[in-house]
Amino acid sequence: MAGGRIRAKIRRSSLYTFACHRPHPAEEDVQHEIEGPGYSRIVYCNQPRMHEQKPLRYCSNYISTTKYNFLTFFPKAIFEQFRRVANLYFLLAAALSLTPVTPFGPLSMIAPLVFVVGLSMAKEALEDWRRFIQDMKVNLRKAGVHKKEGVFGLKPWMKLQVGDIVKVEKDQFFPADLLLLSSSYDDGICYVETMNLDGETNLKVKRALESTLHLDDDPTFKEFSATIRCEDPNPNLYSFVGKLEYGNLVYPLDPTQILLRDSKLRNTAYVYGVVIFTGPDSKVMQNSTKSPSKRSRIEKQMDKIIYILFSLLVFISFISSVGFIVKTKYDLPKWWYLQVPDNKGLFNPGKPLKSGFYHLVTALMLYGYLIPISLYVSIEVVKVLQALFINQDIHMYDEETGTPAQARTSNLNEELGQVDTILSDKTGTLTCNQMDFLKCSIAGTAYGTRASDVELAAAKQMVMDLDGQGQNGIPENGDEFVDSEIQLESVVTSKDEDALKPPIKGFSFEDSRLMNGNWVKEPNENVILLFFRILSLCHTAIPEQNQETGTFTYEAESPDEGAFLVAAREFGFEFCRRTQSSVSVRERYPTFQEPIEREFKVLNLLDFTSKRKRMSVIVRDEKGQILLLCKGADSIIFDRLSKNGRMYEEATRKHLNEYGEAGLRTLALAYKKLDEEEFSAWNEEFTRAKTSFGGDREANLEWISDKMERDLILVGATAVEDKLQKGVPQCIDKLAQAGLKIWVLTGDKMETAINIGFACSLLRHGMKQICITTNTDTLVQDSIQKTAKEDTLMQITNATQMIKLEKDPHAAFALIIDGKTLTYALDDDMKHQFLNLAVDCASVICCRVSPKQKALVTRLVKQGTGKITLAIGDGANDVGMIQEADIGVGISGCEGMQVGDESVSLPLLYAVMASDFAIAQFRFLERLLVVHGHWCYKRIAQMICYFFYKNIAFGLTIFYFEAFAGFSGQSVYDDWYMLLFNVVLTSLPVISLGVFEQDVDSEVCLQFPALYQQGPKNLFFDWQRIFGWMGNGLYTSLIIFFLNIIIYYDQAFRAGGQTADMVAVGTAMMTCVIWAVNCQIALTMSHFTWIQHFLILGSIVTWYLFLLVYGEMSYALQVNAFRVLLEVLAPAPIYWSATLLVTVLCNLPYFAHIAFQRSFNPLDHHVIQEIKYYKKDIEDGHMWRRERSKARENTKIGFTARVDEKIRQIKGRLQKKYSTISSHAVTHQT
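Residues numbered from 1 in each chain as written. Predicted model: local features only at pLDDT ≥ 70, side-chain atom pairs only at ≥ 80, totals over all residues. Heavy atoms only, no water.

Looking at the overall build of the protein chain
(1) Moving on: Per the secondary structure count, the protein chain includes 40 helices and 33 strands.
(2) Moving on: Looking at the protein chain as a whole, 57% of its 1230 residues qualify as buried.
(3) Moving on: In the protein chain, 76% of the contacts between residues at least 6 apart in sequence involve partners at least 24 apart.
(4) Moving on: Taken as a whole, the protein chain presents about 52,400 Å² of accessible surface, with 57% of it coming from carbon and sulfur. (Helix = DSSP H or I, 4+ residues; strand = E, 2+ residues; numbered from the N terminus. Buried < 20%, exposed > 50% of the residue type's maximum accessible area, 1.4 Å probe, protein only. Contact = heavy atoms within 4.5 Å. Areas by Shrake-Rupley, 256 points an atom, 1.4 Å probe, with all protein chains shown as cover.)

Structure below.
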């Protein structure tokens, strides 16, 4: 690229007065002792084999995010499976089935356990294999490494070793933590994008030591050798302590020479570096945690239910054993025909307690159907199918990148429906790092006719609210005032020919007064000229010319600068060239048709920092006039204006407030003319401070800079729109209406995070901001730490008290805290107070936070609130919080995610690999939670409740019969009946419930977001509902057993006068169980397709087909079940009538319950189902809209809350205007 050669010749050191000071030679000679604990790492540069022996055997560059490896899979997976208490019980039962006390054959106990555990382990292996494949995509990426004799070759990342010399080219990611040796620039600087580490989009400048600048070509490394002594691996991204021993001299190292893994080389053709930290030792991996094993809350609660059922199992087994002991001791000796005691000693009247113990073991196995072993495998199947539906959802498919949603683990599907707090990264998750120049204020005049989304939405909502209605004291005949006020509040977007032009990236400005050179006709032409020149000159960007089109694009430190340069270009001031000491601009002035290239000499540049909140450039124009051009935060600029420079201050402040209400990012622009003597005196003082050394160097530079940036003259202000990812405001609004709390955790600057908060409606104009910060720059000394901690605690206490004393019900608070302060707020003695304050605020923004702090905040919210958290991010800096949260979501739809593409963003892959779910864009989170989360929660909850119901209904009948049969251990059911009950006869309908059930369809879920709160409130899996289903199972078991006994006991049931034997009664009871539980699940379902009809009816038909086939088998003769249906039960009318009677009585209480609930105490989805059933949503649109407006949680964040606030303001002004008009009318009549 031609532009690259030009850029490579620029010596940029003179432009960076703060960040990139090169060590003085005298300073380089100082010996820095860094030995001792924590500083033991030794790196032999260009000699990687030296590190293969102890004690220097460092880890490889291989990274892994898998849960298992080849050796640990079997033991760890077995442990995971037998953490489930039901599986432990069945393991014990399977072992006991090999003993004489078993009532069943060993195969019937061992086979289901092996099947269930094996299937679950296979699912875990498949999911972990996918993680391994993605790991290898990273590990097998190639990097240029010095091999020998000055020759470089490609080597996989995983093969890199400490001490290797690596060559990284433009737009590539650093494969490990490197020490910068040299770059394509003469003075050894390079530009690094650390967005994936700290969230910051502006480029960082790194600088090599002067002693290694000559290592700028491959052959120069032939004889290169040096030693690095530095700190041990640690997670601190912003510090590094070490020294380089090279050429018999020692040079101190600091973070400006360190290139961190997963940061990206920008605006630099190439760099050379030596590997210091590899793989797990690198700082980004030090900030990550091992892949946790996550279990959903429902699954944990299910274990508690298992404990309850196990207690019930032990209780009834104990009762059965006591009854058996009594029978054995007193009745068994009378029954001489039983030939007791038997050979095995199981029935011995002489030792009743021993026999009772054997019977206890038998009973524990016999009543084991109370604990459903098939529940786990059914849930596994259901969750896999649910995950498949999530993956195949076309509404979560991103067409631009071709990326679908991906459920990377299916264990947490139901958790999606119970989320209380979302913790989100900012850069790349909420934003797409693009700014659009939208409006500006110049010389007190506002320019820009395009309305913001907030203004348009408020106007639209006002029309809907006031259309044909006289509300809040505003009569219907006041419509003309309403219309005029709305026109004032929302500027209509122009519809001229310019609107038909293709959009320009970074420029959405529309106003013919400034475009196409028309600005020269404005009354303040000279001020406008200064405004455009500040935009085109006050920056640090580098131009790149497209050789085909001749147009320029800009490599800027921040998206704001890029937007300003694009705006300047469109206005006719095109920045086209930068040299070491000058900037050239093609100005379409004084005539717009003929551009003139003008060169401005750059005399000095004062950087933008988060502390200064401004930047300035001092230039000399072609006439020799020296100008200081400054841009910065309005509060900073206004404080520095001269008395005669405030001419436009009042109007500009008004415009800035309006821009702020519209969610735009604003900067003020000012200038100052300097004479030669004034500049020379200042520059001499500044140069002297810049070349000095000592602890007060930075403070002196700041003081001298501040002295120059005084007595400014205000020019105007800019308003740029931070381009959020598509649909982000709408998604946040919907999630807020669903009652979810949203926190933003970003490594970006506080002011940037606040602007993003406004852009996505987490913050709004009028919301009270609580900013908790510390004023100390260095927090090392104990006294300073103590003072900062006390100050932080006081700020938290005062803020908490302020919220408690607030009386306005519409008041909203936003908590904003930086990373330094967060360090103290997360201390054990303060973190709960911080959390209580955060919970009381409508929104929380944590800025300048490290990846470790993101994880710690997530842990605090998760453990402190006890509610389910979801973390969403896109970069390697988000891995910690993604793994720490109950649910981790990775953004996978960014450019470069395609496999095999050399531009694949590896840090983005880290976030996806560590996540539980991956979506292409943040906006898809709305559907993932509000639709799929809601469905999955209710499906799993209803499925589990139903499972316990049917097993209690079936299992207790076995207990009743055993009591009825003298506690003999005899089952009323055939072994095959019991084996098929859970596996075949009732398994598929319950799976269809878990996969296809919908209380409402997806569109209704999105229209009625408050339905989502059924999950966080746990309405469908609380103890009341669980015990209700258990009670229903108990009632059903009583009806089935005793009605069948009453009907069939001691009387003829066939035309021939035959009485029913045990097989006939058992088969009749089993028929009633099959009918009752399948009718029950039909009553439970709200949504039917042909699949549910087929499976429910198919289960009943399968039972009868099984009886027909089973009755014809020779095995049926051995158990006295020959043609049990065809010849024994089917000819008897009482069999069919009893089945009908028992089925109706079993389901009558549940039917009565749902009828009463829907009539007198309906849930939200019941009301919606009724409206949809009677088509009221079509016939009565007003009622449907009214119900929709009620079906959202009261929230103080989101677009809707912002619009509501705007409407309250407009209504207040309308009310005031109408009152004024009415009073004038009354006065006139008088």
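Some points on the sheet that holds strand β7 (residues 204-207)
(1) Moving on: The three strands are arranged β7-β6-β12 in an open sheet whose pairing can be described as antiparallel. Pairing within the sheet leaves two strands with one partner each, and these edge strands are β7 and β12 (264-266). On average, each strand axis in the sheet is inclined to that of its neighbour by 45°, with strand direction left out of account.
(2) Moving on: Bridging between strand β6 (residues 189-193) and β12 involves three bridges; their strand directions are antiparallel. Residue pairing in the sheet places Val-192 in a bridge with Leu-265 of β12. (Pairing = 2+ DSSP bridges. Axes fitted to C-alpha atoms, helices over the stretch in contact; angles between N-to-C directions.)

Some details on the confidence of the model for the protein chain
(1) Moving on: Averaged over every residue, the pLDDT of the protein chain is 81; the share at 70 or more is 84%.
(2) Moving on: Here residues 468-500 scores under 50 on pLDDT; set against residues more than four positions off or in separate chains, the count is 47 contacts.
(3) Moving on: Low pLDDT, under 50, characterises residues 895-907; the stretch is placed with 29 contacts to residues that sit more than four places away or in other chains. (pLDDT = per-residue confidence, 0-100.)

Description of the sheet that holds strand β11 (residues 258-259)
(1) Moving on: Across the sheet, which stays open at both edges, the six strands sit in the order β3-β2-β4-β13-β5-β11 with antiparallel pairing between neighbours. Each end of this open sheet is capped by a strand with a single partner; those strands are β3 (151-156) and β11.
(2) Moving on: Sheet topology note: the strand β2 (residues 142-148)/strand β4 (residues 165-169) ladder contains two bridges and is antiparallel. Directly across from Val-145, in β4, lies its bridge partner Val-166.

Overview of the packing of helix α32 (residues 1062-1084) against helix α33 (residues 1090-1111)
(1) Moving on: Axis separation between α32 and α33 bottoms out at 9 Å; the angle between their running directions is 170°. Judged by the inter-axis angle, α32 sits roughly antiparallel to α33. Here α32 contributes Thr-1067, Met-1070, Thr-1071, Ile-1074, Trp-1075, Asn-1078, Ile-1081 and Ala-1082 to the contact with α33, which in turn contributes Ile-1096, Ser-1099, Ile-1100, Trp-1103, Tyr-1104 and Leu-1107. (Parallel < 35°, antiparallel > 145°, perpendicular 65-115°, else oblique.)

A closer look at the packing of aromatic side chains
(1) Moving on: The full count for this structure, using the stated rule, is 49 aromatic pairs.
(2) Moving on: With centroids separated by 5.8 Å and ring planes inclined at 85°, the aromatic side chains of Phe-221 and Phe-224 adopt a geometry described as edge-to-face. Taken individually, Phe-221 and Phe-224 each receive the classification buried, so the pair is uniform in this respect.
(3) Moving on: Summarising the aromatic geometry, the rings of Phe-964 and Tyr-1049 are spaced 5.7 Å apart at their centres and angled 85° between planes, so their arrangement reads as edge-to-face. Residue Phe-964 is found in helix α27 (residues 924-964), and its partner Tyr-1049 is found in the loop between α31 (1023-1048) and α32; the two are separated by 85 residues along the sequence.
(4) Moving on: Judged by relative accessible area, which is 43%, Phe-964 ranks as partly exposed.
(5) Moving on: When its relative accessible area of 52% is taken as the criterion, Tyr-1049 is described as exposed.
(6) Moving on: Here a set of aromatic residues connected by ring pairs shows up, and it is made of Phe-437, Phe-507, Phe-509, Trp-519, Phe-531, Phe-532, Phe-564, Phe-571, Phe-573 and Tyr-589.
(7) Moving on: Across the ring face of Tyr-270, the terminal group of Lys-167 is positioned such that the distance to the ring centre comes to 5.0 Å.
(8) Moving on: Sitting over the ring of Phe-592, Arg-588 keeps its end group 5.5 Å from the ring centre. (Phe/Tyr/Trp six-rings, centres within 6.5 Å; stacked < 30°, edge-to-face > 60°. Lys NZ or Arg CZ within 6 Å of the ring centre and 35° of its normal.)

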